[in-house]
Amino acid sequence: MALGNLATYPPAAVPQWLSLGSNSWMLTATTLVMIQSVPALALFYAGMTRRRFSMNTVMMVLYSFASTFLVWTILGYSLSFYSSSIHVGGLNFLGLPLPVWNLPMFGETVYGPTGTPLNIPFLTFVMFQFAFAAITPGLIVGAIVERTNFKAWMLFSPIWIVLVYAPVAYWLFAGGWLNQLGAVDYSGGYVIHMTAGYSALALAMAIGQRLPHERKIEAHNLLLTALGFGLDWMGWNGFNGGDAGGATIDAAIAVFNTNLAAAAAAITWIVIDMKAFGKSSFTGMANGAFAGLVAITPMAGMVNPSEALVTGVITAPLVWMGLYKLLPRLRVDDALGVFPVHGIGGTVGGLLTGLMIDPAVSQYFLPGYRGALFGNWHQFLVQGLAVLVVGAYSFIVSLGLAKLIGKITPLRLTRDEIAQGDYAVHGETAYPDVMAKEQIKLEKKSERKITEEK
């Protein structure tokens, strides 16, 4: 049967509540956010690692993506967005765990304890929110590359979605208790970036450091990293633009602010680098852009462009200090700086949200909301409370989960597995010829050591 235009479709396929423009934009935004995980994040991280761990890095991101889809379908979405199953004193803490097929999946999107409607199909919303959930454990991978037991990661990632991501998403995306107190997270500065950043810090502490001579980042292919970075930045248009929930004025505001904050932070970062090190670098500029993207995320559709610009300029030096000053003092081997960029960047963005929400802009998304700079200091205080709650909860639960998994299977690879990398863990490598030569060198070194001992 040929379907030439919408008039030829069955009436049930194009109900009156459906906005074709909003649905088209949300499906596009979903695709952009999915691209941010695989290939973008996988390439960005893989290029930053040693070549012998490049495929392992890709596999960890890919595994999180695939396993999250299963968990999300079976109970993750409903825990994050469905009717409340736990409420205390009128505050809602968690959704009701049900598989997607037990929900009204062919109707209009209605989510959260108050039944917030959107004029897009339910499954469009489920997929959009899945893309957010999938990238979050993937972000954690950057902190623990080059020494993590893949079997431990296979347990950690899906369980983390249930224990950390789903509750925080409910609190700040679906009308849970932090929303009820007045806190807002436009697109995941708290739910995605803070949870990933503080969980990465906890997991890196639990797993321990890399081998002493390998603790310095050794990017084996910055062109791969550049490709991943570019796709991630482009994908952020869907990441923040999609959280308007449709093809609205607010979506355009969010996309514009997102790119402005990223550009401002990138330029600020390389200026700092040139003053501190005498030269600029691609990795520095990329970290700066990511810092701006992370910080603008919780407020993207609720501030004006001048505030987006200020957000980028303020965030870049704070994240820079976190990477080069704070992280070394913590003595935690966060290999690719996940905690500074996403944890500190998300924290700064969350606090700035409480200051900068502009009622002239929020009228397009949450009318009546205004930040401290517009006379509402309560907004700043409640955003600060959300920072404390999300940071502490993510860190404590992730550390406890890691310790528990460590009793089931080792969190770390053995020294021999670390020396071999991808071959030992997955039986394949991205660079078989090069790795074969390195393996011969290792074998000869081992033979010389045995000879010397005799």
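Above this note sits the structure.
First, a word on what this report is: a plain description of the structure on this page. Here the residue numbering is sequential within each chain, running from 1 through the sequence in written order. Local features in this predicted model are restricted to residues of pLDDT 70 or higher, and side-chain atom pairs are both shown and tallied only at a pLDDT of 80 or more, whereas totals for entire chains, interfaces and linings draw on every residue. Note that the side-chain values use all heavy atoms of the structure and ignore hydrogens as well as water.

1. Some points on empty space enclosed by the protein
Where empty space is left in the structure can be found by rolling a water-sized probe over the atoms.
Turning to step 1, where the next piece is worked out: The way it works is a 1 Å grid over only the protein atoms, where trapped points that fit a 1.4 Å probe form a cavity and open points with protein on both sides within 12 Å along at least five of seven lines form a pocket, and then any residue with an atom within 4 Å of a point lines it. Grid points are joined across faces, edges and corners, and a volume is the space filled by probe spheres set on the points. Applying the stated criterion across every chain, the model contains two cavities of 30 Å³ or more.
Turning to step 2, where the next piece is worked out: Here the largest cavity is characterised by a volume of approximately 140 Å³.
Turning to step 3, where the next piece is worked out: Forming the walls of the largest cavity are 18 residues, and the residues nearest its centre are L41, Y45, L139, F290 and H342.
Turning to step 4, where the next piece is worked out: Put simply, DSSP marks the helices as runs of H or I at least four residues long and the strands as runs of E at least two long, and each gets a number from the N terminus on. Those elements that place two or more of their residues in the lining of the largest cavity are α1 (20-48), α3 (122-141), α6 (189-207), α7 (222-241), α9 (282-296) and α11 (338-356).
Turning to step 5, where the next piece is worked out: The greatest single-element share of the lining of the largest cavity, amounting to four residues, is contributed by α1.
Turning to step 6, where the next piece is worked out: We call Asp, Glu, Lys and Arg charged. Ala, Val, Leu, Ile, Met, Phe, Trp, Tyr, Cys and Pro are nonpolar, and the rest, Gly among them, are polar. The class makeup of the residues in the lining of the largest cavity is twelve nonpolar, five polar and one charged.
Turning to step 7, where the next piece is worked out: Of the pockets and cavities examined, the second largest cavity occupies roughly 40 Å³.
Turning to step 8, where the next piece is worked out: For the lining of the second largest cavity, the secondary-structure elements that each account for two or more residues are α4 (150-172) and α6.
Turning to step 9, where the next piece is worked out: Broken down by element, the lining of the second largest cavity gets its largest block of residues, three residues, from α4.
Turning to step 10, where the next piece is worked out: Of the residues assigned to the lining of the second largest cavity, the class counts are seven nonpolar, one polar and no charged.

2. Describing the environment of V341
Turning to step 1, where the next piece is worked out: Looking at the element boundaries, V341 is found in helix α11.
Turning to step 2, where the next piece is worked out: Categorising residues by exposure relies on relative accessible area from a 1.4 Å probe, with only protein chains included: less than 20% of the type maximum marks a residue as buried, more than 50% marks it as exposed, and the intermediate range marks it as partly exposed. Residue classification places V341 among the buried residues on the basis of a relative accessible area of 5%.
Turning to step 3, where the next piece is worked out: When the C-alpha atoms of V341 and A295 are compared, they prove to be 9.2 Å apart, with 46 residues separating the residues in sequence.
Turning to step 4, where the next piece is worked out: Any two residues whose heavy atoms approach within 4.5 Å are treated as being in contact. If we ignore the near neighbours within four places in the chain, the residues touching V341 are N287, F290, A291, V294, V319 and G346.

3. Describing the side chain of S67
Turning to step 1, where the next piece is worked out: Along the chain, S67 turns up in helix α2 (residues 54-81).
Turning to step 2, where the next piece is worked out: The residues touching S67, leaving out its near neighbours within four places in the chain, are S157 and P158.

4. Details of the pattern of salt bridges
Turning to step 1, where the next piece is worked out: Any Lys or Arg side-chain nitrogen found within 4 Å of a carboxyl oxygen on Asp or Glu counts as a salt bridge. Enumeration according to the criterion identifies five salt bridges in this entry.
Turning to step 2, where the next piece is worked out: Ionic pairing is found between R50 and E146, a salt bridge with its closest N-O pair at 2.8 Å. Residue R50 is found in the loop between α1 and α2, and its partner E146 is found in the loop between α3 and α4; the two are separated by 96 residues along the sequence. The same class applies to R50 and to E146, which are both buried.
Turning to step 3, where the next piece is worked out: Among the ionic pairs, R52 bridges to E214, the shortest N-O distance being 2.6 Å.

5. Let's talk about the side chain of R50
Turning to step 1, where the next piece is worked out: For R50, a relative accessible area of 7% gives the class buried.
Turning to step 2, where the next piece is worked out: Excluding anything up to four places from it in sequence, R50 contacts E146, R210, H213, E214, R215, K216, E218 and H220.

6. Topic: the pairing of strand β4 (residues 116-121)
Turning to step 1, where the next piece is worked out: Any two strands between which DSSP finds at least two bridges are classified as paired. Pairing of strand β3 (residues 108-111) with β4, which is carried by four bridges, proceeds in the antiparallel orientation. When the bridges of β4 are listed, V110 appears paired with P117.
Turning to step 2, where the next piece is worked out: Linking β3 to β4, which pair antiparallel, is a turn of four residues; within it G112 sits at a positive phi near 80°.

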